[in-house]
Amino acid sequence: MERRQVGILGATGAVGQRFIQLLANHPWFEISWIAASDRSAGKTYEDACKWRLSTPLPERIAKMVLQPNVPEGSAVELPRIIFSSVDSDIAKELEPKFAAAGCAVISNSSAFRMGADVPLVVPEVNVDHLDVIEQQATRKTSGGYIVTNPNCCAIGLVLPLAVLEQKWGIEKLFVSTMQAVSGAGYPGVASLDILGNVIPYIKNEEEKLQEEVAKLLGGVNDGAFAPGDMTVSAMCHRVPVIDGHTEAVSVKLKKPATAEEIIAAWRAFKPLHQGADATHLPSAPDSPVVYEEGVDRPQPRLDLETGNGMTTTVGRLRPCTLFDWKFTLLSHNTIRGAAGAALLNAEILAVLGKFDFRKYPPVNSAREESSVNA
Ligand SMILES: NC(=O)C1=CN([C@@H]2O[C@H](COP(=O)(O)OP(=O)(O)OC[C@H]3O[C@@H](n4cnc5c(N)ncnc54)[C@H](OP(=O)(O)O)[C@@H]3O)[C@@H](O)[C@H]2O)C=CC1
Ligand SMILES: N[C@@H](CC(=O)OP(=O)(O)O)C(=O)O
């Protein structure tokens, strides 16, 4: 795989820092452009950002200068692949500008997730949705497009659900979340609000979780998304955990299944390695779902790093008196739930040849001559 240069919009934030960490030694992608708010533009990354991860800030990135947060006016050439991790309102304004300028925008934001021509993708679950980018107006003009990854709770949830949906069908689903404070970005929730406390409200979270799960588990008919027909009800809570979203799930299946069959199906789930075109994507975990036998698992302190933060850990599968089965799951909200998810989307787009910008009219000749994406 040829190396491609990439940019990060929102590079100084909680998710932006994860992008920098995960891209530090990436075999296919190299960071060549970073941007954040106007407050940060023109500063070096180390001056603009309070680095909050336990691995060191790469020296090369520390010295990089944050560029204007628009496609124009950059002191360095704009790469054609932009990872975006800015708030939804900002994404709504900025992401289309980058797509119009010919960039593949791989977005974490909720702004366009439910768009009629915008794929919302977890590669192990619904890679076929990616073809819908061809319908985006900018794809036809500049070659640019927007692809999104889901809400952090939705990603962790759909991995085990996809197995259930595929083998037995899901009729109903109830999920109650316990979401880490890092999900609110930095500085996020005030310590005086969250320490020793649980907050049973996260703005728009329940609505997003419900509609995104249905889109992810649905299909595409004649180029239009057809949401899954399961009924989903979500309750979301903020808890005093730093990283890792825990979810308590109850599910009613369309066909009967035993606990042994369900656990065996989760353990057998290796979708990115199947078929004649099997490619190991650098960010793909060996197992998207791991089932933990311990009666008191999963736990954020013990299970968060499974699969380098890209695996959903599931445990406590047992009969449910209301529906058929209930279980608990844990997923890393800033890795599988955000930066790692976007990276995996970029990797699958690369493998599928969706970064073939050359066949589209150039935005300007200088960019077309670039060796970066050629
Ligand atoms: N944290 C998580 O677990 C998850 C977050 N997300 C989503 O990812 C996105 C980013 O979240 P997160 O990193 O947590 O948020 P943060 O608040 O930690 O970071 C926000 C980033 O956006 C930048 N920014 C602010 N204003 C602008 C602007 N006008 N133009 C360009 N950049 C701007 C900030 O730059 P500056 O430093 O200059 O202010 C910073 O880099 C959000 O949409 C969020 O909903 C998705 C899944 C999980
Ligand atoms: N709202 C989530 C994180 C998030 O940013 O979600 P979304 O990407 O859907 O805006 C949380 O607080 O844990």
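Residues numbered from 1 in each chain as written. Chains lettered and ligands numbered in written order. Predicted model: local features only at pLDDT ≥ 70, side-chain atom pairs only at ≥ 80, totals over all residues. Heavy atoms only, no water.

By the naming in an unreviewed UniProt entry, the protein chain goes by aspartate-semialdehyde dehydrogenase and is assigned to Granulicella cerasi. According to its UniProt record, the protein chain has this under Sequence similarities (unreviewed entry): "Belongs to the aspartate-semialdehyde dehydrogenase family." Taken directly from UniProt, the Function (unreviewed entry) text for the protein chain runs: "Catalyzes the NADPH-dependent formation of L-aspartate-semialdehyde (L-ASA) by the reductive dephosphorylation of L-aspartyl-4-phosphate." (UniProt positions renumbered as here; feature names shortened; annotations may be inferred.)

Student: Would you explain the UniProt feature "domain: Semialdehyde dehydrogenase NAD-binding" (unreviewed entry) in the protein chain in this entry?
Tutor: UniProt's entry tags residues 5-133 with the feature "domain: Semialdehyde dehydrogenase NAD-binding" (unreviewed entry), counted in the numbering of this structure. With 27% helix and 16% strand, residues 5-133 has its two end C-alpha atoms placed 21 Å apart. (Helix = DSSP H or I, 4+ residues; strand = E, 2+ residues; numbered from the N terminus.)

Student: I would appreciate a short explanation of the packing of aromatic side chains in the present structure.
Tutor: For the structure shown, the criterion picks out seven aromatic pairs. Between F29 and F83, the ring centres sit 6.3 Å apart and the planes meet at 75°, which makes this aromatic pair edge-to-face. Of this pair, F29 sits in strand β2 (residues 29-35) while F83 sits in strand β3 (residues 81-84); the two residues are 54 residues apart in sequence, bridging distant segments of the chain. Taken together through their ring pairs, the aromatic side chains of F19, W28, F29 and F83 make up a single cluster. Just above the ring of F225 sits the side chain of K215; from NZ or CZ to the centre is 4.2 Å. (Phe/Tyr/Trp six-rings, centres within 6.5 Å; stacked < 30°, edge-to-face > 60°. Lys NZ or Arg CZ within 6 Å of the ring centre and 35° of its normal.)

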